[in-house]
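# Architecture at a glance
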2 protein chains.
Amino acid sequence: MNTNELSDLVSEYDAIIAGTEIIDNSVFEKSKRLKFISRVGIGLDGIDLTSAKLKNIKISYTPDAPSLAVADLTIGLIISSLRSICFANNKLHLKKWDRVFGRRIENLTIGIIGCGRIGKHVLNYLQVFKPKKILVNDLYTDETLSKILNFEWVSKNEIYKHADVISLHLPLNNSTRNLIEINTLLNMKQDAVLINTSRGGIINEHDLFTALNSGHLSSAAIDVFETEPYFGELTQIDRCILTSHMGSMTEDCRTRMEIEATEEVIRFFSGKKLLNEVPDSEYLN
Amino acid sequence: MNTNELSDLVSEYDAIIAGTEIIDNSVFEKSKRLKFISRVGIGLDGIDLTSAKLKNIKISYTPDAPSLAVADLTIGLIISSLRSICFANNKLHLKKWDRVFGRRIENLTIGIIGCGRIGKHVLNYLQVFKPKKILVNDLYTDETLSKILNFEWVSKNEIYKHADVISLHLPLNNSTRNLIEINTLLNMKQDAVLINTSRGGIINEHDLFTALNSGHLSSAAIDVFETEPYFGELTQIDRCILTSHMGSMTEDCRTRMEIEATEEVIRFFSGKKLLNEVPDSEYLN
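For the structure given in this document, a descriptive report is provided here. Residue numbers restart at each chain and count upward from 1, following the sequence in its written direction. Going through the entries in the order they are written, you letter the chains from A and number the ligands from 1. Local features in a predicted model are, by the rule used here, given only for residues with pLDDT of at least 70; side-chain atom pairs are given and counted only at 80 or more, and totals for whole chains, interfaces and linings are based on all residues. Computation of side-chain values covers all heavy atoms of the structure but excludes hydrogens and water.

Let us look at the interface of chain A and chain B. Contacts are assigned to residue pairs that have any heavy atoms within 4.5 Å of one another. Taken together, the contact pairs 58 residues of chain A with 58 residues of chain B. Both faces considered, chain A and chain B share a buried interface measuring about 5,400 Å² in area, 61% of it formed by carbon and sulfur atoms. Two parts placed together each lose some accessible area; with a 1.4 Å probe, that loss summed over both constitutes the buried area. Among the residues chain A hides against chain B, the three largest losses belong to Arg83(A), Trp97(A) and Arg99(A). Together they make up 14% of the total. By convention in these notes, a salt bridge is any Lys or Arg side-chain nitrogen within 4 Å of a carboxyl oxygen on Asp or Glu. For the pair chain A and chain B, the interface holds four salt bridges. In this structure, Asp252(B) engages Arg104(A) in a salt bridge whose closest nitrogen and oxygen atoms are separated by 2.7 Å. Any pair of nitrogen or oxygen atoms within 3.5 Å is treated as a polar contact; in protein, a donor-acceptor pairing is required on top of that, and neighbouring residues in sequence qualify only through side-chain atoms on both sides. The tally of links from chain A across to chain B stands at 32 residue pairs in polar contact (both at pLDDT 80 or more).

Printed below as a string of structure tokens:
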């Protein structure tokens with residue numbers, strides 16, 4: 001649903017349970033009754049938080065519910081990329097038998113950018129595969145965590161330079177938009193694998209196309225796009241695995257997200273304390 | 001290389017380092033000098049062991065080297081199947097945005113048939129994903145192992161009936177050939193996922209095609225085939241992931257397999273004790 005369609009609908013309602021729709025000031029202008037947005041999921045990049053605050057519209061989200069499903073897809077994409085599963089599958093369905101050499105996590109350096117709810121689950125899942133080294137970057141470091149999950153806190157540049165697999169687990173905001181552009185990509189190893197299950201817009205899609213098309217990176221796996229549905233130029237690259245924003249799309253996690261978002265609406269109108277109101281820190285990005 | 005081509009070559013050599021080629025009595029008849037076969041890999045189904053023994057040709061293999069790579073691919077295929085990674089990737093490369101609901105291992109019963117070198121590694125990797133229940137079948141049970149790896153020893157029939165994901169880790173021999181045929185498949189849950197990274201011939205391929213084509217099973221992922229290269233009817237089924245016998249195909253494992261096979265030849269001609277001579281139990285199958 002685009003903002004026009006949403007604007008037409010929203011004027012009748014006191015609260016909306018929202019997906020990844022763009023909800024900007026044009027929607028708020030038409031929504032005289034709107035008091036509450038309950039966001040199914042974790043990303044807030046589609047909502048104009050400042051305008052909502054000015055109009056005294058409260059916002060909750062479900063930040064925990066999708067984490068395990070996104071981390072699970074991330075591990076699936078890492079192994080699919082390293083073992084060329086989708087590539088070989090496509091070939092064989094076209095009756096071409098092409099045995100491709102792969103790599104195992106045990107022999108590789110894994111870089112994780114963003115160590116929040118999802119990044120931590122990915123780090124936990126990785127343990128059993130015993131990576132040679134795990135490098136992690138986030139705004140804040142925590143030495144206890146790095147000991148438990150066997151990783152080193154490093155700069156983003158060190159990850160770009162040394163990691164064989166780089167996975168992004170960041171929100172989209174002013175400091176992460178276009179974080180990965182052509183120069184960042186070219187700083188990565190020639191045979192690196194880049195995974196993004198977080199948010200579109202963090203990787204510049206045209207730059208990723210240019211890099212892959214020139215033979216740089218061994219592969220990429222992208223679940224999220226700047227504009228969704230995505231039908232752009234990355235669809236031309238065989239060794240770029242593309243999935244359709246399916247990180248949270250497991251039966252259990254979607255159910256939990258939808259129940260949590262609905263319960264939050266009930267809490268709001270019952271005058272109960274909200275459990276997942278968006279924290280002030282999200283308004284600063 | 002087929003048996004004719006191999007027969008023409010082999011007469012000149014005292015030993016061969018062999019892949020998955022069929023080596024039967026027709027080859028031995030032409031190989032007056034042959035004293036030793038060093039098999040790169042684990043499966044012995046291609047070698048006529050009895051004829052080799054009658055001709056006093058010794059055989060070694062590399063049973064440990066491929067295990068981790070095969071287990072790693074197995075986990076990749078399980079997650080790819082449960083999360084429809086290849087399916088969504090194909091759609092999106094055709095510019096179709098199709099968000100598919102998936103399932104997580106944590107909510108599922110996983111069935112492992114065959115608990116040898118590879119099955120054990122798969123069971124170890126599965127731990128971090130905390131399956132609801134793990135059911136395992138093998139000829140011999142070991143209560144210590146099932147405690148460490150959190151599983152129950154059960155019959156094959158219980159696995160067919162209750163498991164959401166069934167993964168085969170068996171050798172191909174007289175008791176496993178066509179183990180999975182149409183009746184076994186129909187005993188599995190309607191939405192079960194079937195994985196085979198062990199040997200072709202254990203699943204009857206035509207029966208699997210029939211079952212999938214009728215809508216039975218949610219998906220399958222098959223890395224090994226009765227005749228390879230495989231170009232058969234399973235290539236018509238979108239939700240059957242097909243890879244080209246790539247279980248052992250990681251850089252580290254192939255290197256280890258080839259070094260081990262070569263070292264065994266050197267040991268043989270130096271009169272040293274062989275490290276990986278095929279045990280007598282393999283001759284009984």
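Now for the packing of aromatic side chains. Ring pairs are drawn from Phe, Tyr and Trp, using the six-membered ring of Trp, whenever the two centres fall within 6.5 Å, and their geometry is named by plane angle: stacked under 30 degrees, edge-to-face over 60, tilted for the rest. The tally for this structure, following the rule as stated, stands at 13 aromatic pairs over all chains. Seen in terms of ring centroids, Phe268(A) and Phe269(A) are 5.0 Å apart; in terms of plane orientation they differ by 90°. Their pairing is edge-to-face. Buried, partly exposed and exposed residues are distinguished by accessible area as a fraction of the type maximum, computed with a 1.4 Å probe on protein chains only: under 20%, between the cut-offs, and over 50%, respectively. Judged by its relative accessible area of 46%, Phe269(A) is partly exposed. An aromatic cluster is built from Tyr125(A), Phe129(A), Tyr125(B) and Phe129(B), whose rings are joined through pairwise contacts. Its end group placed over the ring of Tyr283(A), Lys53(A) keeps NZ or CZ at 4.1 Å from the ring centre. We call a charge positioned over a ring when the NZ of a Lys or the CZ of an Arg lies within 6 Å of the ring centre and within 35 degrees of the ring normal.

For the rest of this paragraph, the subject is the sheet that holds strand β4 (residues 109-113) of chain A. Strands pair in a sheet through their backbones, by hydrogen bonds, and they do so in one of two ways: parallel or antiparallel. Residue and element names in this part refer to chain A. Strand pairing is assigned whenever DSSP identifies at least 2 bridges connecting the two strands. Per the convention used, a helix needs a DSSP run of H or I reaching at least four residues, while a strand needs a run of E reaching at least two, with both numbered from the N terminus. Pairing is parallel across the open sheet formed by seven strands, whose spatial order is β6-β5-β4-β7-β8-β9-β10. Bordering the open sheet on either side are β6 (152-153) and β10 (240-242), each of which pairs with just one other strand. With four bridges connecting them, strand β7 (residues 165-168) and strand β8 (residues 193-196) associate as parallel partners. Within β8, the position partnered with serine 167 by the bridge is isoleucine 195. Set on the sheet, helix α6 (residues 117-126) makes contact with β4 and β5 (133-137); between it and β4 the angle comes to about 165°. Interaxial angles span 0 to 180 degrees and are taken between N-to-C directions of axes, which are lines fitted to C-alpha atoms, for helices over the stretch in contact.

Attention shifts here to the relation of the copies chain A and chain B. Superposing copies: least-squares fit, C-alpha atoms only, residues required to have pLDDT of at least 70 in both. Each copy of the sequence occupies a distinct position, and chain A is placed on chain B by a rotation of 180° and an axial shift of 0.0 Å, giving an RMSD of 0.0 Å. Overall, the copies show the geometry of a two-fold rotation axis. Counting the interface residues of chain A, we find that 100% of their copies in chain B are interface residues as well, pointing to one common contact surface.

Our next topic: the nonpolar core. Among the buried residues, those of types Ala, Val, Leu, Ile, Met, Phe, Trp, Tyr and Cys that are joined through side-chain atoms within 4.5 Å form a nonpolar core. Formed by 66 residues in total, the largest nonpolar core has its most connected members in Ile75(A), Phe129(A), Phe151(A), Ile75(B), Phe129(B) and Phe151(B). In contact with Phe151(B), not counting residues within four places along its chain, are Cys115(B), Leu123(B), Ile134(B), Val136(B), Leu145(B) and Ser146(B).

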